[in-house]
Amino acid sequence: GGAVIGSVAALLGLGLGSALAKLMLGGMEDGVASIYMNVGDSRLRLDAPLLVSCFLLGSLATACAAYIAARSTARVPPVESLAAAVNVSRYLGHSRVSLADVVGLIVLGAVPLLTGSPQLPFLRTVQVAAPPALLLLGAALLAPRVVQVLHWLLARAGRSLGVATLMANKNLTRDLMRSAITAGALIMGMGMATGFAVFISSFVRSADQWVEQSVPADLFVTSSAPGLVTHTPLPAALAEQIASTPTVQGVERVRFADLSYRTTTIKLLSNDVAVYARHAKLIMVQGEQADVLREVGAGRAALVNESFARHFGLWRGDHVVLPTEHGSLELRIAGVNVDYLSDQGVVLLDRALYLQHWQDATVDMFKVHTAPGTDLARLRQTLAEKLGEHYDLLVLTGREFTDKLTGQIDKIFTIMRALQAVALVIAVMGVINALSANVHDRTREIGILRAVGMLRGQVRKLIVIEAALIGLCGAVVGALVGIGAGRLILSSAAVEVVGWTIPLAPDWLSVLEMTVV
């Protein structure tokens, strides 16, 4: 029966999962296209071996769970099953060290070993995905001890908690494994939701900081095409017309170009570095900003982002050889910075050096810097009237450009936030199922309590308090473990896969809201 139910549920899950994947793909496509590039054909492609593996895993997991329950039930002696009160704790809960404790500690001990071991190409996927999953699994396996700790703390408080709370607290350990399984399911669900939330909030906050510090300007002049690097190239001569406008003190000519480097495509970013250096506040990984930009502006060196350095093993002091229109250009790497323009790599050159070797004079974006006290609204209107209609330009203030870009970054993760809700819903359904079964199994006991005078409201209060205590264990521990899982995702997936170091920045309000839910 369990295997049949599991198979049907697995098939339904595959259908719902495919629909959710299609929805996420559409949202991610819009966000990526609006910031980076058109991703082209983004139709959902289902991997048959993966679908079969997921179906078998779901069916097998359900069958194993049913077998464990059936085996436990079959061990109950017939005489005891007919007794007025079944000694459930004899079979389901013990205070001594159990196999689950040993396995849980081993699983948790494997987390630092995997995160600290060198990356092996044939085990890369496992080494990236395993630590967060093992952390959640280890915490769930130790759920019986978490429940016992809460029981011990409440027992110390004594009668001040009230009769209903004391009875609910006693029920926690009377059927320890059932309480622990319910709490463990909640730990897993809450941990997954919190892990996603921590990853999203940390990345968005880091990206927002990058936008604020690395691409500053009072006005941005681009083509009217949407996105950050998908603009129609504009003639460089526009820079002189913009610079001749009163109150304009400097103009940066920014060009984004795709460059084939080794086996991948990186972004070659050229800029008027002398102007850029006076306004940018780069997030440096290696090197001091002033020294690095001085060398880059002189055409003697290049600045690369962290993902480039990690992917190709080239850091400050090394030399990078770039293919050009007429041979190769070898430059020393003056520094490494944080830049989310590309996850494959970004190389920043001075515009004069770029023109010399690539003969590409077009511009994707003009960054306009003005004198203090300039009326940006009036200057924006002046530029729009002077150049906008003829060249189909879009003129944005620095705040508008920043808000647009950060909004597009946040849009990429909008669909991912649905996974948080899915994880919480699954956990809550598990709690409802376990508590409902618990109440049905205690029908005779509840009847006796009612017979000796306990009111309906008091019975409800007893059950709700017991559920709240289990929820407290699962939610709080799940939130704490989820923060750790989010940190592991940042340190493994972000660093090892895309080469970005993202500081941990949990959205504490979001974590608190999920804990309360």
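Above this text sits the structure in question.
Small disclaimer: the values here were computed from a predicted structure and weren't measured.

For the protein, the helix and strand inventory stands at 20 helices and ten strands. Within the protein, the proportion of its 517 residues that are buried is 43%. Put simply, of all contacts in the protein between residues at least 6 apart along the chain, 78% involve residues at least 24 apart. Carbon and sulfur atoms provide 64% of the accessible area of the protein, an area that totals close to 26200 Å².

Before going further, it helps to examine the pattern of salt bridges. All told, the structure shown has 14 salt bridges when counted by the stated rule. The partner of aspartate 364 in a salt bridge is arginine 255, with the nearest N and O atoms 2.8 Å apart. Here the residue aspartate 364 occupies a position in the loop between helix H14 (351-358) and strand E9 (365-370), and arginine 255 occupies one in strand E2 (residues 248-261), the gap between them amounting to 109 residues. Residue arginine 380 is joined to glutamate 400 by a salt bridge in which the shortest nitrogen-to-oxygen separation is 2.7 Å. A residue pair is termed long-range when its members are at least 10 positions apart, and arginine 380 in helix H15 (residues 376-391) and glutamate 400 in helix H16 (residues 398-412) qualify at 20 residues. When salt bridges that share partners are traced, they join Glu212, Arg399 and Asp403 into one network.

The next point concerns the packing of helix H7 (residues 143-157) against helix H9 (residues 176-214). Where H7 contacts H9, the two axes come as close as 8 Å, and the packing angle between them is 110 degrees. Taken together, the axes of H7 and H9 are roughly perpendicular relative to one another. Here H7 contributes Ala143, Pro144, Arg145, Val147 and Gln148 to the contact with H9, which in turn contributes Leu176, Met177, Ser179, Ala180, Ala183, Gly184 and Ile187. Split by residue class, the contact of H7 with H9 holds eight nonpolar, three polar and one charged.

In this section: the packing of aromatic side chains. Across all of its chains, the model carries nine aromatic pairs by this definition. Centroid distance tyrosine 261 to phenylalanine 312: 4.9 Å. Interplanar angle 85 degrees. Geometry classified as edge-to-face. Of this pair, tyrosine 261 sits in strand E2 while phenylalanine 312 sits in helix H13 (residues 306-312), and the two are 51 residues apart along the sequence. Assigned by exposure class, tyrosine 261 and phenylalanine 312 land together as buried. Between tyrosine 340 and tryptophan 500, the aromatic rings sit 4.9 Å apart at their centres with planes inclined by 75 degrees, giving edge-to-face as the arrangement. In this pair, tyrosine 340 sits in the loop between strand E7 (327-337) and strand E8 (346-350) while tryptophan 500 sits in the loop between helix H19 (456-498) and helix H20 (508-516), placing the two residues 160 residues apart along the sequence. Taken as a pair, tyrosine 340 and tryptophan 500 share a single burial class, namely buried. An aromatic cluster is defined as three or more aromatic residues linked by ring pairs; in this entry it consists of Phe203, Trp210, Tyr340 and Trp500.

With that settled, the discussion passes to empty space enclosed by the protein. A complete count under the given rule lists four cavities of 30 Å³ or more for this structure. Estimates place the volume of the largest cavity at around 170 Å³. For the largest cavity, the lining is made up of 14 residues, of which Ser214, Val215, Val254, Phe256 and Leu269 are closest to its centre. Mapped by element, the contributors of at least two residues to the lining of the largest cavity are H9, E2, strand E3 (264-271) and E9. Broken down by class, the residue content of the lining of the largest cavity amounts to ten nonpolar, two polar and two charged. Volume-wise, the second largest cavity comes out at about 80 Å³. Taken together, Ser214, Leu269, Tyr276, Leu282, Leu303, Val304, Asn305, Asn337, Asp339, Val346 and Leu348 make up the full set of residues lining the second largest cavity. Residue assignment for the lining of the second largest cavity shows that the elements contributing at least two residues are strand E5 (301-305) and E8. The dominant element in the lining of the second largest cavity, judged by the number of residues it contributes, is E5, at three residues. Among the residues forming the lining of the second largest cavity, the class breakdown is seven nonpolar, three polar and one charged.

The next subject is H7. For H7, with 15 residues, the first-to-last C-alpha span of 22 Å sits near the 21 Å given by 1.5 Å per residue. Just past H7, the residue glycine 158 takes up positive phi, approximately 75 degrees.

Below, the discussion takes up the side chain of arginine 442. If you trace the backbone, arginine 442 turns up in the loop between helix H17 (417-441) and helix H18 (443-451). Within polar-contact distance, the side chain of arginine 442 engages the side chain of glutamate 466 at 3.0 Å. Look past the residues within four positions of arginine 442 in its chain and what remains in contact with it is Asn171, Arg174, Leu462, Ile463 and Glu466.

Our focus in this paragraph is the pairing of E9. Taking burial as the measure, the six residues of E9 include six buried ones, the bulk of the element. Of the two faces of E9, both are covered, the one formed by Met365, Lys367 and His369 as well as the one formed by Phe366, Val368 and Thr370. Note: strand E1 (residues 219-223) against E9, four bridges, orientation antiparallel. Counterpart to phenylalanine 220 in the pairing with E9 is lysine 367.

Here we take up the side chain of arginine 255. Classification of arginine 255 as buried rests on a relative accessible area of 14%. One polar contact links arginine 255 to aspartate 364, side chain to side chain, over a distance of 2.8 Å. Residue contacts for arginine 255: discarding those within four places in its chain leaves Pro233, Leu268, Leu269, Ser270, Arg351, Tyr354, Asp360, Thr362, Val363 and Asp364.

So, about the pairing of strand E6 (residues 319-324). Alternating positions in E6 separate cleanly, Val320, Leu322 and Thr324 being buried on one face and His319, Val321 and Pro323 remaining unburied on the opposite face. As judged from the six bridges shared by E6 and E7, these two strands associate in the antiparallel manner. Looking across to E7, one finds that valine 320 is bridged to leucine 331. The turn linking E6 back onto E7 is made up of two residues.

Non-glycine residue threonine 247 carries a positive phi angle of around 75 degrees. You can see threonine 247 is positioned in the loop between helix H10 (238-243) and E2. A relative accessible area of 38% places threonine 247 in the partly exposed class.

This brings us to the environment of leucine 341. Inspection of the secondary structure assignment puts leucine 341 in the loop between E7 and E8. Expressed as a C-alpha distance, the spacing of leucine 341 and alanine 207, which sit 134 residues apart in the sequence, is 9.9 Å.

About the criteria used
- Residues numbered from 1 in each chain as written.
- Predicted model: local features only at pLDDT ≥ 70, side-chain atom pairs only at ≥ 80, totals over all residues.
- Heavy atoms only, no water.
- Helix = DSSP H or I, 4+ residues; strand = E, 2+ residues; numbered from the N terminus.
- Buried < 20%, exposed > 50% of the residue type's maximum accessible area, 1.4 Å probe, protein only.
- Contact = heavy atoms within 4.5 Å.
- Areas by Shrake-Rupley, 256 points an atom, 1.4 Å probe, with all protein chains shown as cover.
- Salt bridge = Lys/Arg side-chain N within 4 Å of Asp/Glu carboxyl O.
- Axes fitted to C-alpha atoms, helices over the stretch in contact; angles between N-to-C directions.
- Parallel < 35°, antiparallel > 145°, perpendicular 65-115°, else oblique.
- Nonpolar A, V, L, I, M, F, W, Y, C, P; charged D, E, K, R; others polar.
- Phe/Tyr/Trp six-rings, centres within 6.5 Å; stacked < 30°, edge-to-face > 60°.
- 1 Å grid on protein atoms, 1.4 Å probe; cavity = no way out; pocket = protein on both sides within 12 Å on 5 of 7 lines; lining within 4 Å.
- Points joined across faces, edges and corners; volume = space filled by probe spheres on them.
- Expected span 1.5 Å × (residues − 1).
- Polar contact = N/O pair within 3.5 Å; in protein donor to acceptor, adjacent residues only side chain to side chain.
- Pairing = 2+ DSSP bridges.

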